[in-house]
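# Examining the three-dimensional arrangement
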Amino acid sequence: MQYEATVPTIADRVAQTVVAMYLEPLVEPGFHQDSYGYRPGRSAHQAVGVCRQRCWKYDWLIDLDVQKFFDTVSWDLVVRAVEAVCDCRWVLLYVKRWLAAPLKHPDGAIVERDKGTPQGSAVSPVLANLFMHYAFDSWMARNFPGCPFETSCVNP
């Protein structure tokens, strides 16, 4: 099932922005240099440019797409990633609440969710990057240190 983007209240938007602004300086310095998605001063176009340059040096390329990432990412793993960089109870409380918030469809039906992040929220990009940092970027750097890669996201 694909979830629709929710429209958060103004208070939720403000709180999500505060959490994103709090987390970003904690996590940005540790992110991989070739991670481009949803990062300040970086873009998918830059990732494509780096990939294009590297294509002249290597005989192969693998293109991966994490399909429906924002709809299916595990809450437990997102929370563990946040806990790895932040021990502020208020941040963890808000993140857990936003992840577990039910979805209201245009017809009024309420759908309880058990995975995924709120699409279009101010905090989703930093949560996605934090998850991908541990799930892919750090894993690649640790297990395949000589294998260059670029990661990027398209808007959900």
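Bear in mind that the values here come from a model prediction, so they are computed numbers and not experimental data. (Residues numbered from 1 in each chain as written. Predicted model: local features only at pLDDT ≥ 70, side-chain atom pairs only at ≥ 80, totals over all residues. Heavy atoms only, no water.)

### Points about the overall build of the chain
Scanning the chain from terminus to terminus reveals 6 helices and 2 strands. Counting from the amino terminus, the chain carries its helices and strands in the arrangement α-α-α-α-α-β-β-α. Computed over C-alpha atoms, the radius of gyration of the chain comes to 17 Å, within 12% of the 15 Å expected from 2.2 N^0.38 for 156 residues, which places it in the range of a compact globule. Summarising its shape, the C-alpha atoms of the chain cover approximately 55 × 35 × 25 Å along the three principal directions. (Helix = DSSP H or I, 4+ residues; strand = E, 2+ residues; numbered from the N terminus. Rg over C-alpha atoms; globule rule 2.2 N^0.38 Å.)

### A word on the packing of helix 1 (residues 10–27) against helix 6 (residues 124–143)
Remark: helix 1 packs on helix 6, axes separated minimally by 9 Å, with the N-to-C direction vectors making an angle of 30°. Of the possible angle classes, the one that applies to helix 1 and helix 6 is roughly parallel. Our pair here, helix 1 against helix 6, has a crossing hand that is left-handed. Across from Ala 20, Leu 23, Glu 24 and Val 27 in helix 1, the residues of helix 6 making contact are Val 126, Leu 127 and Leu 130. Classifying every residue of the contact of helix 1 with helix 6 by side-chain character gives 6 nonpolar, no polar and 1 charged. (Axes fitted to C-alpha atoms, helices over the stretch in contact; angles between N-to-C directions. Parallel < 35°, antiparallel > 145°, perpendicular 65-115°, else oblique. Left-handed = near helix turned anticlockwise from the far one by under 90°. Contact = heavy atoms within 4.5 Å. Nonpolar A, V, L, I, M, F, W, Y, C, P; charged D, E, K, R; others polar.)

### Quick look at the pattern of salt bridges
Within the structure shown, the criterion is met by 3 salt bridges. Note that Glu 28 is salt-bridged to Arg 39, the shortest N-O span being 2.8 Å. Placement of Glu 28 in the loop between helix 1 and helix 2 (44–55) and of Arg 39 in the loop between helix 1 and helix 2 is noted, with a sequence separation of 11 residues between them. Of the two residues examined, Glu 28 and Arg 39, each falls in the buried class. (Salt bridge = Lys/Arg side-chain N within 4 Å of Asp/Glu carboxyl O. Buried < 20%, exposed > 50% of the residue type's maximum accessible area, 1.4 Å probe, protein only.)

### Re the environment of Ala 101
Within the secondary structure layout, Ala 101 lies in the loop between helix 5 (89–100) and strand 1 (103–104). Distance from Ala 101 to Val 111, taken between C-alpha atoms, is 9.3 Å for residues 10 residues apart in sequence.

### As for unusual backbone geometry
With phi around 55°, Tyr 38 is a residue other than glycine that occupies positive phi space. Checked against the element boundaries, Tyr 38 lands in the loop between helix 1 and helix 2.

### Focus on the side chain of Arg 113
As for its placement among the helices and strands, Arg 113 is situated in the loop between strand 2 (110–111) and helix 6. Buried charge without a salt bridge: Arg 113, with Asp 71 as the nearest opposite-charge side chain at an N-O distance of 7.0 Å. Only 3.3 Å separates the side chain of Arg 113 from the backbone oxygen of Trp 98, close enough to count as a polar contact. Of note is the side chain of Arg 113, whose polar atom sits 2.5 Å from the backbone oxygen of Leu 99. (Lys, Arg positive; Asp, Glu negative; His and termini not counted. Polar contact = N/O pair within 3.5 Å; in protein donor to acceptor, adjacent residues only side chain to side chain.)

These figures capture arrangement, not role.
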